[in-house]
Amino acid sequence: MARKAEVQIINPPSDVISTVKFSPKTNQFLLVSSWDTSVRLYDVVNNTLRHKFFHSSPVLDCAFLDSVKTVSGGLDNTVKLYDLNTHIEHNLGTHDAAVKCVEYASMVNGILTGSWDRTVKLWDGREKECVGTYDQSAGKVYSMSCIEERLVVATSDRKVLIWDLRHMSNYIERRESSLKYQTRTVRCFPNKEGYVMSSIEGRVALEYFNPSPEWQKKKFAFKCHRSKQNDIEHIYPVNAISFHNVYHTFATGGSDGFVNIWDGFNKKRLCQFHMYDSSISSLCFSDDGSALAIACSYMDEAETPPEPYPEPTLYVRYVSEQETRPK
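What you see is a predicted model; the values in this text were computed from it and never measured.

Quick notes on the pairing of strand β11 (residues 110-115)
Inference 1: For β11, the buried fraction is high: six of the six residues fall into the buried class.
Inference 2: Here β11 shows a buried face lined by G110, L112 and G114 and a second buried face lined by I111, T113 and S115.
Inference 3: Sheet topology note: the strand β10 (residues 99-105)/β11 ladder contains six bridges and is antiparallel. Within the sheet, the bridge partner assigned to A105 lies in β11 and is G110.
Inference 4: Pairing of β11 with strand β12 (residues 119-124) involves four bridges; the strand directions are antiparallel. Considered in β12, the bridge of I111 is made with W123.
Inference 5: Taking the residues that link successive antiparallel strands as the turn, the β11-β12 hairpin has three residues, and the phi of R118 there is positive, at about 75°.

Here you go:
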């Protein structure tokens, strides 16, 4: 029997899905954090909820430390390490405000957490301790992404700090976002050349690390996740970005309920999927690029909530080469 191109995952969270992350080197297991205070592990292949555990407040992000250990954080300010095999949880420590971002950093074999307290912390999962606290004086941490030694932190007030994980005494560079409005998410290119960031105002920007004029000429921004009705343009936040590790194309998800796949280097949209139930709140390609996890959650953008109130939904789409490979 042929595999369906898209599967809706059963037993999704009951409130906004904040993050979806595939397990390293497999497209079978999916980690999902939610405002319903849960972190869930799904077996995507068998469409089953394998396990869930809870924080005391909404969970804003999660990540795999390795194939059996996860780290999560949220509005309880706590960074939680959880072993999926033994079901033992350990509070690594806290921030002074909500933990907005959680990233595994392979270069230092540790977990990075970014907080609204304007710091990034580095945690050693083996020793179960914080081994560094780094001031992000540019503002609250809204999104961050790392690729090998590079760490990019997008903060409030549209500032971007670029760090070298090998020398964290100070950031390498402080930039202002080329997008006029608040940053929603940032993701590093798999080839380490730069990063892509999105804003609440239906725009995406490609930026390059190399400061030379030749490289800086390559950067550009484009409009997306917009629609026209009765000559009125409706502009939607771009909430999620995920890179395809093989082809280096990327997916964007917006509050218009659409997912687009882009070839950023050739400035082309490769495809658009069907309209989903509500806003796209998170996206994640599997390591091999064969599957894309898509989280849909109503994010209170409308002045009047729709009736009936949309429930969160979760999908895994098995993407084709035609949808993701540059043309």
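Here we look at the sheet that holds strand β15 (residues 150-155)
Inference 1: In spatial order, the strands read β14-β15-β16-β17; together these four strands make up an open sheet with antiparallel pairing. Strands with a single pairing partner mark the edges of an open sheet, and in this sheet they are β14 (141-147) and β17 (173-176). On average, each strand axis in the sheet is inclined to that of its neighbour by 20°, with strand direction left out of account.
Inference 2: Across five bridges, β15 lies against strand β16 (residues 159-164) in antiparallel orientation. Of the residues in β16, the one forming a bridge with L151 is W163.

Regarding the sheet that holds strand β21 (residues 220-223)
Inference 1: The strand order across the open sheet built from four strands is β18-β19-β20-β21, with neighbouring strands paired in antiparallel fashion. Each edge of the open sheet carries a strand with a single partner, namely β18 (183-188) and β21. For this sheet, the mean angle separating the axes of adjacent strands, direction not counted, is 15°.
Inference 2: In the sheet, strand β20 (residues 203-208) pairs with β21 via four bridges, with the strands oriented antiparallel. Bridge pairing in β21 places V204 opposite F222.

With respect to the UniProt feature "repeat: WD" (unreviewed entry) in the chain
Inference 1: If you check UniProt for "repeat: WD" (unreviewed entry), the listed places come out as residues 92-133 and 231-263 in our numbering.
Inference 2: Span residues 92-133 is 0% helix and 64% strand, its end C-alpha atoms 14 Å apart.
Inference 3: Each end of residues 231-263 is marked by a C-alpha atom, and these two atoms are 29 Å apart; helix forms 0% of the span and strand 61%.

Some words on the environment of R226
Inference 1: Inspection of the secondary structure assignment puts R226 in strand β22 (residues 226-229).
Inference 2: Taking the C-alpha atoms as reference points, R226 and C146, 80 residues apart in sequence, are found 29 Å from one another.
Inference 3: Apart from the residues within four sequence positions on either side, R226 is in contact with E201, G202, R203, E233, H234, I235, Y236 and D256.
Inference 4: Within the structure, R226 has its side chain in polar contact with the backbone oxygen of E201 (distance 3.0 Å).

Cut-off values and rules
Residues numbered from 1 in each chain as written. Predicted model: local features only at pLDDT ≥ 70, side-chain atom pairs only at ≥ 80, totals over all residues. Heavy atoms only, no water. Buried < 20%, exposed > 50% of the residue type's maximum accessible area, 1.4 Å probe, protein only. Helix = DSSP H or I, 4+ residues; strand = E, 2+ residues; numbered from the N terminus. Pairing = 2+ DSSP bridges. Axes fitted to C-alpha atoms, helices over the stretch in contact; angles between N-to-C directions. UniProt positions renumbered as here; feature names shortened; annotations may be inferred. Contact = heavy atoms within 4.5 Å. Polar contact = N/O pair within 3.5 Å; in protein donor to acceptor, adjacent residues only side chain to side chain.

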